[in-house]
Amino acid sequence: MAQHGGGWHAIRYAWKKAREAGGLWKMYRALRTRNACKTCALGMGGQQGGMVNEIGGFPEVCKKSLQAMVSDMQGAIREEFWKKYSVAQLQQFSSRELESCGRLVQPLLYESGSEYLRPIGWDEANSRIVNRLRATEPDRTFWYFSGRSSNEAGFSLQLLARLYGTNNVNNCSYFCHQASGVGLSSVIGSGTATVLLEDLEHADLVFLIGGNPPSNHPRLMTSLMRVKRRGGKVIVVNPVVETGLVRFKIPSSVRSMLFGTRMADLYIQPHIGGDLALLTGIAKEIDERGESDQQFLENHCDGVEEWLETIRATSWEEIETKSGVARDEICQVADLYQQSQRTVLSWTMGITHHQHGVQNVQAIASLALMRGMVGKPHAGLMPIRGHSNVQGIGSVGVTPKLKEAIFSALQDHFQVQLPTSQGMDTLACIEAAHRGQLEVGFCLGGNLYGSNPDSRFAAEAMQKLQGLVHLSTTLNTGHLHALAAETIILPVLARDEEPQPTTQESMFNYVRLSDGGPRRHDGPRSEVEVIAEIASRVLGEDSPVDWTSMKDTCSIRKAIGKVVPGFEAIGRIDETRQEFQIDGRTFHRPRFATENGRAQLHSHQLPELKGAGDELRLMTVRSEGQFNTVVYEEEDYYRGQDRRDVILVHPGDLANLGLEHDQLVSVQSETGRLDKIRVRAFAAIRQGNALMYFPEANVLVNRQVDAQSRTPAFKGVVVRVRAAVPGPLEMETSVG
C-alpha cells in the first residue's frame with residue numbers, strides 16, 4: 001500500500017495525463033476554460049474559470065478532473081474500427097480498454113443477429129428512434145439520466161418523456177444517493193446538503209462516514225487540510241483503513257507536500273452494515289453524559305421523546321455486537337463530539353448502499369440535531385455526492401413523481417396536461433424490462449448496465465428490449481453487454497464542447513454556468529439539440545411546446561426559472577452571468593423546510609449483522625483509477641493493487657479459510673459467482689469483511705433494496721470464498 005495519499009505520485013500522474021493530452025499547456029488551457037468540472041459534485045470551474053471553487057480557491061484540480069478531460073481529448077474512433085472488431089470481440093474488452101478506444105463520432109446501429117456495430121447517418125438514426133417511439137405505448141418505455149448531462153438537457157428530456165405520456169423517468173441517483181435525499185427530506189424537508197463549502201472549512205469537527213474521498217473526491221482533502229490547520233478534528237468511520245484518510249500530501253500546498261497532513265484524528269472500523277448501531281451508540285453515550293442540547297430539541301424538533309426512549313432502551317451489548325465497535329471506542333467519538341461547537345457530518349455510499357440506507361441517514365441527522373448542529377453557520381449535514389450534476393438532474397424534475405410545485409408549474413407554464421401515473425424508478429424499470437413489460441429504453445449518458453446490481457439479470461433485461469438509445473461520448477460495457485434488438489448509440493459533445501452555455505449544480509446547491517467551447521471532432525452533436533430534434537418529430541406539429549425554441553439553452557433556462565422553486569436566478573443568468581446558491585436549502589437558522597418548520601426525528605430498531613461461520617460481508621468499492629463505472633487505470637495505487645480481479649480480505653480470514661495470498665478462488669453469493677478471482681491478504685480491512693471492485697463485482701450483488709429509497713444494497717453482500725477447482729473454469733458472467 002502507498003504510505004500516503006496525494007504527493008509526488010499525484011504530480012507524476014498529472015504529468016503523465018498531460019502528455020496523453022498533447023502537452024502540459026494544452027491540458028492547462030482545457031482545464032482553465034469557464035466550464036464546471038466534469039467529475040465529482042464537489043464542484044469547481046464555471047464563470048470564475050476552471051480550477052476555481054465557489055470561495056475562490058485555486059488551483060482546484062485532481063486526478064478525476066484530469067482523467068475525464070484526457071478522455072474527452074482523445075482522438076476519434078475511425079470507421080474502419082467498426083469493421084475490424086465484432087461485437088463478440090469488443091465484449092472481451094475491459095472497461096478501461098473500451099474507454100480508451102477514443103471518442104465516438106458517428107451514430108452506431110446494432111440489429112439483432114448482426115455481428116458488428118454499424119456506423120449510420122444522423123438522419124437514419126433519428127428516423128429509427130422516432131419511428132420506434134411512435135410505434136410504442138408510452139408506458140412501455142423508460143428514460144434514464146446520468147449525472148454527466150446538463151440541467152438543460154435533463155429538463156428537456158424529462159419534459160419530452162412526460163408529454164409523450166410516461167412518468168418512467170429516473171436517474172442514476174437511485175443507485176447511489178437516493179437514500180440521502182429521502183432520508184434528509186424526512187427529517188428536515190430538504191434532500192441536499194445543509195451547508196456551504198465555507199461552512200465545511202470552518203467546522204471544528206468533521207465526521208467522514210462510509211467514504212473514501214482521497215480516491216473519489218480528492219479535492220475534498222484540501223478542505224479537510226484547512227479544517228485541520230484551523231485546529232479542527234476529523235473522525236473517519238470506515239471498515240477499511242484507507243491510506244489517504246490517514247495521511248495526505250496536498251500537491252497545491254508546499255507545507256503539506258513537505259510534511260504531509262494528518263487527516264484522521266480518530267479512525268473507527270465498524271463491520272460492514274454496522275453503521276446504524278454505531279450511530280445509535282454515539283447518540284446513547286451523548287445522552288447518558290447529559291450533553292444533548294435539550295433546548296434545541298424542545299424548540300426545533302419533533303419525535304424527540306420516542307427517539308430518546310428507543311436509544312435508551314437499546315443495550316450496549318446489542319450496540320457493540322451489531323456495530324463491531326467496542327464501547328470505549330464509541331466513548332472516544334463522543335469525547336470529540338461533546339467538545340465540538342461546529343460539527344459537519346458527511347457521508348457517502350458506505351451509508352446509502354444498504355437495505356437500511358434511509359435509516360442510516362436519518363440516524364446521522366438525529367445525531368447532528370441532538371447537539372444543535374443543524375441550523376447554524378459552520379455546522380450541518382453533507383452528503384458527498386458523486387457525479388458533477390447528479391444533484392441538478394434531480395432538481396430539474398428527473399424523477400418518476402414530480403414534486404407538486406414543479407408538476408403544477410410545468411402544466412401552467414407550458415399549458416399542458418401531464419400524466420399522473422406512478423412511474424417506475426431505475427431498478428423497477430430493469431425488472432419490468434426483464435418481465436417483458438417494457439420495450440424501449442432511452443439513456444442520456446451513463447452506463448445503466450454497469451451501474452446495476454445483479455449484472456446477469458440486468459443484461460438479460462436490456463437484451464429483451466426492442467429498442468435502446470444511448471447518448472454517449474465514449475464506449476462502455478453497457479454498449480456491448482446489454483444490446484437490445486435494435487440499439488442506437490448517438491455521439492454527443494462533451495460539456496466544454498457545447499456550442500451554447502449550460503448549467504450544473506454542485507453538492508453544495510451552487511449552480512454554475514459553463515460556457516462550452518469549440519468542438520474537438522466533427523460528428524458529435526449537442527445533447528439539447530438531439531433531444532429537441534427527436535421531440536419535435538415524435539410529438540409532431542400539435543405539440544404544446546415549441547421544440548425549435550428548446551434548442552436554445554437560454555430559453556430552457558428561462559423555463560426552468562419559472563418552473564423549479566429556488567431556480568429563479570437561472571432565468572436571468574445569461575444576462576447577469578451570476579452563478580448562485582439555490583434558495584431554501586442551506587440552513588443557517590433552525591427553521592426547516594418541513595410543514596411545521598421543525599425537524600422530525602426517527603426511531604429505529606437495529607438490523608441484524610449479516611454473515612456467519614465462514615461467510616464474509618462484502619462491499620463493492622471504486623478504485624483510485626476510476627470514476628463511477630468508468631475505469632481509467634487498472635491499478636489501485638493507494639490500496640497497492642495492480643489489477644481489479646481480486647477480493648481483498650483480512651489476513652486472519654485468509655488463514656481461517658485455509659487460503660494463500662494470490663490464490664485463485666471462486667466467490668459465491670446467493671445471486672451469482674465469480675471464478676478465477678485472486679484472493680489477497682489486506683490488513684487494512686476489518687476482519688470478517690471483504691472488498692471487491694465495482695462494477696465487475698456487481699454480478700454478486702442481489703436486487704434487494706432499501707424499501708424507502710429503492711437504493712440497492714451494494715454493501716453488505718454475504719459471500720463465500722472457495723479455492724478454485726483445478727482445471728478449466730468458465731466465467732458464469734462477464735466481469736468487463
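Calculation notes
Residues numbered from 1 in each chain as written. Predicted model: local features only at pLDDT ≥ 70, side-chain atom pairs only at ≥ 80, totals over all residues. Heavy atoms only, no water. Patch = residues over 30% accessible without salt bridge, like charges linked within 9 Å, V, L, I, M, F, W, Y side chains within 5 Å. Areas by Shrake-Rupley, 256 points an atom, 1.4 Å probe, with all protein chains shown as cover. Salt bridge = Lys/Arg side-chain N within 4 Å of Asp/Glu carboxyl O. Helix = DSSP H or I, 4+ residues; strand = E, 2+ residues; numbered from the N terminus. Buried < 20%, exposed > 50% of the residue type's maximum accessible area, 1.4 Å probe, protein only. Pairing = 2+ DSSP bridges. Phe/Tyr/Trp six-rings, centres within 6.5 Å; stacked < 30°, edge-to-face > 60°. Lys NZ or Arg CZ within 6 Å of the ring centre and 35° of its normal. Axes fitted to C-alpha atoms, helices over the stretch in contact; angles between N-to-C directions. Parallel < 35°, antiparallel > 145°, perpendicular 65-115°, else oblique. Left-handed = near helix turned anticlockwise from the far one by under 90°. Contact = heavy atoms within 4.5 Å.

### Considering a nonpolar patch on the surface
Then, number 1: Together, Trp-25, Tyr-28 and Phe-58 give the surface a local cluster of nonpolar side chains, amounting to about 370 Å² of exposed area.
Then, number 2: Relative to the helices and strands, Trp-25 is located in helix α2 (residues 24-32).
Then, number 3: Under the relative-accessibility criterion, Trp-25 is labelled exposed at 59%.

### Describing the pairing of strand β12 (residues 343-347)
A regular strand places its side chains on the two faces of the sheet in alternate fashion.
Then, number 1: Within β12, 5 of the 5 residues are buried, leaving the element largely enclosed by the surrounding structure.
Then, number 2: Side chains Thr-343, Leu-345 and Trp-347 of β12 all project onto a buried face; the interleaved residues Val-344 and Ser-346 project onto the opposite face, where all are buried too.
Then, number 3: Bridging between strand β6 (residues 205-209) and β12 involves 5 bridges; their strand directions are parallel. Within the sheet, the bridge partner assigned to Phe-207 lies in β12 and is Leu-345.
Then, number 4: Where β12 meets strand β13 (residues 380-383), 4 bridges bridge the pair, whose relative direction is parallel. Directly across from Leu-345, in β13, lies its bridge partner Leu-381.

### Examining the packing of aromatic side chains
Then, number 1: Taken as a whole and assessed by the stated rule, the structure comprises 13 aromatic pairs.
Then, number 2: Considering the side-chain rings of Phe-567 and Phe-580, the 6.1 Å spacing of their centres and the 85 degrees angle between planes classify their relative orientation as edge-to-face. Of this pair, Phe-567 sits in the loop between α29 (553-563) and α30 (573-576) while Phe-580 is found in strand β19 (residues 580-581), placing the two residues 13 residues apart along the sequence.
Then, number 3: In this structure Phe-567 comes out as buried when scored by relative accessible area, which is 0%.
Then, number 4: Here Phe-580 falls in the buried class, since its relative accessible area comes to 8%.
Then, number 5: Seen from their ring centres, Phe-694 and Phe-714 are 5.9 Å apart, and the 80 degrees between their planes marks the pair as edge-to-face. Pair noted here: Phe-694 is in the loop between β27 (689-693) and β28 (715-723) and Phe-714 is in the loop between β27 and β28, with a separation of 20 residues, a long-range link.
Then, number 6: For Phe-694, a relative accessible area of 3% puts it in the buried group.
Then, number 7: Cluster of aromatic residues (ring-pair linked, three or more members): Phe-81, Trp-82, Tyr-85 and Phe-93.
Then, number 8: A cation sits over an aromatic face here: Arg-371 above Tyr-337, 5.3 Å from the ring centre.
Then, number 9: In this arrangement the basic side chain of Arg-622 is found over the ring face of Phe-694, its NZ or CZ atom lying 3.9 Å from the centre.

### Details of the pattern of salt bridges
Two side chains bearing opposite charge may form a pair once their charged atoms approach each other closely.
Then, number 1: The full count for this structure, using the stated rule, is 54 salt bridges.
Then, number 2: Across the pair Lys-284 and Glu-288 runs a salt bridge, and its minimum N-O distance is 3.6 Å. Taken together, the positions of Lys-284 and Glu-288, both in helix α15 (residues 275-288) and 4 residues apart, correspond to about one turn of that helix.
Then, number 3: With its nearest N and O atoms 2.9 Å apart, the salt bridge here joins Asp-675 to Arg-673.
Then, number 4: Through salt bridges with shared partners, a single network forms among Lys-38, Asp-72, Arg-103, Asp-496, Glu-497 and Arg-520.

### Concerning the packing of helix α9 (residues 178-188) against helix α21 (residues 357-369)
Then, number 1: In contact at an axis separation of 8 Å, α9 and α21 are set at 45 degrees when each is read in the N-to-C sense. The orientation of α9 relative to α21 falls into the category oblique. As α9 runs across α21, the sense of the crossing is right-handed. Where α9 abuts α21, its residues Ala-179, Ser-180, Val-182, Gly-183, Leu-184, Ser-186 and Val-187 lie against Gly-357, Val-358, Val-361, Gln-362, Ala-365 and Leu-369.

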